[in-house]
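Close look at the chain arrangement
Listed here are the chains, written in short residue letters.
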Amino acid sequence: MIVEARDGCRLATRIEGPEGAPALVLLHGLGMDMTLWDAVLPLLPGDIRVLRYDLRGHGGSDVPPAPYSMGQMVSDAEAVIEAHGLRETVVAGLSLGGMVAQGLAVKRLDLVRALILSNTAAKIGTPKIWDDRIATIRREGLAAQVETVLDRWLGRDARHGSAAGRARRMLGGTEVEGYIGGCAAVSGTDLWTPVSGLRLPVLGIAGAEDRSVPTDLMRETVELIPGARFEILRRAGHLPPMERPEDWAALVSGQLRAIGQSGGA
Ligand SMILES: O=C(O)CC1=CCC(=O)O1
């Protein structure tokens, strides 16, 4: 289903699972698309509804001219969740998607019952780092940067396996304008203060070999929220849902059960 955002940007969405069941919303990261979740979907409990979509500028969604703001991306998430008639969802976001998830919880707690934050933080990098990256991509194109990004994303085990091929396809399929738009959204985001005011169940999942969002950076964000649980996946980089789908899905399934969103299987 296509959902139109407030500014007319058309977002490609997909929903699966039993109607009326508690919902899990999946938000991918920069240079990715909703196929990030393909390997974990069959491993999640059968009694939840799973909604995923391609962020603006990514996958099958429209690619408006850069830059994009975090406000726009949070508003997109609101539009997608509301268009599917959902409330009180569990929102799981990875990297840029995790920033959108945090921003959504700050703005619309009625839509967010719990957060699963994967390989993300309240603030990632510095404006200088992102400005440099944007300038490089504008100059050289994204194709020239694919191997550099994959090197940052993937843990040692995944570099030569099937996950590398799938990650390369996602990144290679991303348009320069969409990637740069997403870089600008990350660059302009610092959720440190508002996230420290959040009170809801949170599971943080880091990859021990993540070179994009190191475990300590992620831990600092998770520790802002009292009671949050933090897990580090061994032998995983920035894309555990692709690199370690069984481990990532087991953590998420356990959390869904712990907060009463799933009865099991
Ligand atoms: O591409 C990267 O290096 C890491 C990243 C930061 C935000 C995001 O979504 O990806």
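Residues numbered from 1 in each chain as written. Predicted model: local features only at pLDDT ≥ 70, side-chain atom pairs only at ≥ 80, totals over all residues. Heavy atoms only, no water.

Attention shifts here to the overall build of the protein. Helix and strand counts for the protein come out as 10 helices and 8 strands. Radius of gyration (C-alpha) of the protein: 17 Å, near the 18 Å computed for a compact globule of 265 residues. If one aligns the C-alpha atoms of the protein with their principal axes, the spans along those axes are about 50 × 40 × 35 Å. The buried share among the 265 residues of the protein stands at 58%. Taking contacts inside the protein between residues at least 6 apart in sequence as the whole, the part at least 24 apart equals 77%. A total of about 10,400 Å² of accessible surface is found on the protein, and carbon and sulfur atoms cover 51% of it. Positive and negative charge centroids in the protein, built from 29 and 32 side chains respectively, lie 2 Å apart. (Helix = DSSP H or I, 4+ residues; strand = E, 2+ residues; numbered from the N terminus. Rg over C-alpha atoms; globule rule 2.2 N^0.38 Å. Buried < 20%, exposed > 50% of the residue type's maximum accessible area, 1.4 Å probe, protein only. Contact = heavy atoms within 4.5 Å. Areas by Shrake-Rupley, 256 points an atom, 1.4 Å probe, with all protein chains shown as cover. Lys, Arg positive; Asp, Glu negative; His and termini not counted. Charge placed at Lys NZ, Arg CZ, Asp CG, Glu CD.)

A separate point is the pairing of strand 8 (residues 229-233). With 5 bridges joining them, strand 7 (residues 202-207) and strand 8 adopt parallel strand pairing. Pairing of Ile205 across the sheet is with Glu231, part of strand 8. In terms of handedness, the path from strand 7 via helix 8 (residues 215-222) over to strand 8 forms a crossover that is right-handed. (Pairing = 2+ DSSP bridges. Right-handed = clockwise from strand over helix to strand, strands pointing away.)

What follows covers the side chain of Ser262. On the secondary structure map, Ser262 appears in the segment after helix 10 (245-258). Here Asp47 takes part through its side chain, which lies 2.9 Å from a polar atom of the side chain of Ser262. (Polar contact = N/O pair within 3.5 Å; in protein donor to acceptor, adjacent residues only side chain to side chain.)

This part covers the packing of helix 1 (residues 70-83) against helix 2 (residues 96-107). One way to put it is that helix 1 packs onto helix 2 with a least axis distance of 9 Å and a crossing angle of 75°. Judged by the angle between their axes, helix 1 and helix 2 are roughly perpendicular. Across the interface between the two elements, Met70, Met73, Val74, Ala77, Glu78 and Ile81 of helix 1 pack against Leu96, Met99, Val100, Gly103, Leu104 and Lys107 of helix 2. Looking at the contact of helix 1 with helix 2 residue by residue, the classes come out as 9 nonpolar, 1 polar and 2 charged. (Axes fitted to C-alpha atoms, helices over the stretch in contact; angles between N-to-C directions. Parallel < 35°, antiparallel > 145°, perpendicular 65-115°, else oblique. Nonpolar A, V, L, I, M, F, W, Y, C, P; charged D, E, K, R; others polar.)

With that out of the way, let us pick up the site of the ligand. Lining the immediate environment of the ligand, one finds Gly29, Leu30, Ser95, Leu96, Trp130, Arg133, Arg152, Trp153, Ser212 and His238. Here an oxygen atom of the ligand and a backbone polar atom of Leu96 are 2.7 Å apart. Note that an oxygen atom of the ligand is positioned 3.3 Å from one of the side-chain N or O atoms of Trp153. For the ligand, whose unbound accessible area comes to 290 Å², protein coverage reaches 99%. (Near = heavy atom within 4 Å.)

Another point: unusual backbone geometry. Between Ala66 and the following residue, Pro67, the backbone shows a cis peptide bond with an omega angle of 0°. Looking at where Pro67 falls in the secondary structure, it is placed in the loop between strand 4 (49-53) and helix 1. Here the phi dihedral of Asn119 falls at roughly 50°; this positive angle occurs in a residue that is not glycine. For Asn119, the location among the structural elements is in the loop between strand 6 (112-118) and helix 3 (127-140).

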